[in-house]
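Spelled out from the first residue to the last, the chains are:
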Amino acid sequence: MFKRFSSEEVSAQNQVKASVQRKIRQSIAEEYPGLEPVLDDLLPKKSPLIVAKCPNHLNLVLVNNVPLFFNIRDGPYMPTLRLLHQYPNVMKKLQVDRGAIKFVISGANIMCPGLTSPGGALDEEVEAETPVAIMAEGKQHALAIGFTKMSAKDIRNVNKGIGVDNMHYLNDGLWKMERLD
């Protein structure tokens, strides 16, 4: 999704009204209860919240020109990897084995066998169509953020095909864009 993403692809930046800002804060608080204590620091009520519109129905939520969250169409808000590295326990985690790391970092979707092999790990509570952090065997930080196509139980049982869509990964365009100026 962000493979060749750059600041030139932003078609519009709009400062949102207070009511829209409240809705964004509320949906983020519902999706990530672990962020509740620091939500006022991340999305201050007094500082302007900017939504940048990009191609493919993608929205970036910016505070002080720093992208913090993104969503597609009206889907759930997902944190950027930089934010996830600061607060690593806000998302459910799936772990891929060592063999999958180079493919995930180059933008490939996460296949079921990479999650069910001995180096992989599944959180059984993960449902279909849920944002998840993709961890790597032997690594401390997340290497990607994905959106599950099937539940963890189905991933384990089917063990074939794409289990998680790769939305945002290390060294993609959004990772390289620390600020949107």
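In this text the structure is predicted, and so the values were computed from the model without any measurement.

### Things to note about the overall build of the protein chain
At step 1: A count of helical and extended segments in the protein chain gives 7 helices and 10 strands.
At step 2: In summary, the protein chain has a C-alpha radius of gyration of 16 Å against a globular reference of 16 Å for 181 residues, a match within 12%.
At step 3: Judged by the C-alpha coordinates and their principal axes, the protein chain covers about 50 × 30 × 25 Å.
At step 4: Sorting the 181 residues of the protein chain into buried and exposed places 48% on the buried side.
At step 5: For the protein chain, the share of sequence-separated contacts (at least 6 apart) that also reach a separation of at least 24 residues comes to 61%.
At step 6: Of the side-chain charges in the protein chain, 22 are positive and 20 negative, and the distance between the mean point of each set is 3 Å.

### A look at the UniProt feature "domain: PUA" (unreviewed entry) in the protein chain
At step 1: UniProt's feature table lists "domain: PUA" (unreviewed entry) at residues 92–171, given in the numbering used throughout.
At step 2: For residues 92–171, the helix share is 21%, the strand share is 32%, and the end-to-end C-alpha distance is 22 Å.

### Points about the sheet that holds strand β7 (residues 110–111)
At step 1: Read across the open sheet, the 5 strands follow the order β6-β8-β9-β10-β7; overall the sheet is mixed. Lying at the two open borders of the sheet, with one neighbouring strand each, are β6 (92–96) and β7.

### What to know about the side chain of Thr130
At step 1: As for its position among the elements, Thr130 is in the loop between α5 (112–116) and β8 (131–136).
At step 2: There is a polar contact of 2.9 Å between the side chain of Thr130 and the backbone oxygen of Glu127.
At step 3: Residue contacts for Thr130: discarding those within four places in its chain leaves Gly146, Phe147 and Thr148.

### Quick word on the pairing of strand β4 (residues 66–72)
At step 1: With 6 of 7 residues buried, β4 is to be regarded as a mostly interior element.
At step 2: Pairing geometry for strand β3 (residues 58–63) and β4, over 6 bridges, is antiparallel. Paired with Leu58 across the bridge in β4 is Ile72.
At step 3: Two successive antiparallel strands, β3 and β4, enclose a turn made up of 2 residues, where Asn64 displays a positive phi of approximately 55 degrees.
At step 4: Hairpin connection, β4 to strand β5 (residues 78–79): the antiparallel pair is bridged by 5 residues, and Arg73 has positive phi, about 50 degrees.

### Looking at the nonpolar core
Considering soluble globular proteins, one finds that nonpolar side chains tend to be buried as a cluster.
At step 1: One finds Phe5, Ile28, Leu43, Leu60 and Phe69 to be the most contacted residues of the largest nonpolar core, which totals 44 residues.
At step 2: Counting residues in hydrophobic clusters, the runner-up holds 20 residues, among them Leu94, Val96, Met150 and Tyr169.

### Let's talk about the sheet that holds strand β1 (residues 12–15)
At step 1: Strand order in the open sheet formed by 5 strands is β1-β2-β3-β4-β5, with antiparallel pairing between adjacent strands. Edge positions in the open sheet fall to β1 and β5, since each of these has one partner strand only.

Rules and cut-offs
Counting restarts for each chain: residues are numbered from 1 in the order of the written sequence. This being a predicted model, a pLDDT of at least 70 is required before a residue's local features are given, and a value of 80 or more before pairs of side-chain atoms are given or counted; all residues contribute to the totals for chains, interfaces and linings. Where side-chain values are given, they derive from all heavy atoms of the structure, hydrogens and water being excluded. Note on conventions: DSSP H or I runs of at least 4 residues are helices, E runs of at least 2 residues are strands, and numbering of each starts at the N terminus. Our radius of gyration is a C-alpha quantity, and the globule rule it is checked against amounts to 2.2 Å times the number of residues to the power 0.38. Exposure classes here rest on a 1.4 Å probe applied to the protein chains alone. A residue is buried below 20% of its type maximum, exposed above 50%, and partly exposed in between. In what follows, a contact means two residues having at least one pair of non-hydrogen atoms within 4.5 Å. Residues scored as positive are Lys and Arg, those scored as negative are Asp and Glu, and His as well as the terminal groups of each chain are ignored. Note that the charge is assigned to NZ on lysines, CZ on arginines, CG on aspartates and CD on glutamates. UniProt positions are given in the numbering used here, feature names are shortened, and annotations may be inferred rather than shown by experiment. Pairing between two strands requires that DSSP report at least two bridges joining them. Pairs of N or O atoms are called polar contacts if they sit within 3.5 Å, as long as, within protein, a hydrogen donor faces a hydrogen acceptor (for residues adjacent in sequence, only side-chain-to-side-chain pairs). Think of a nonpolar core as a cluster: buried Ala, Val, Leu, Ile, Met, Phe, Trp, Tyr and Cys residues, connected wherever their side-chain atoms sit within 4.5 Å.

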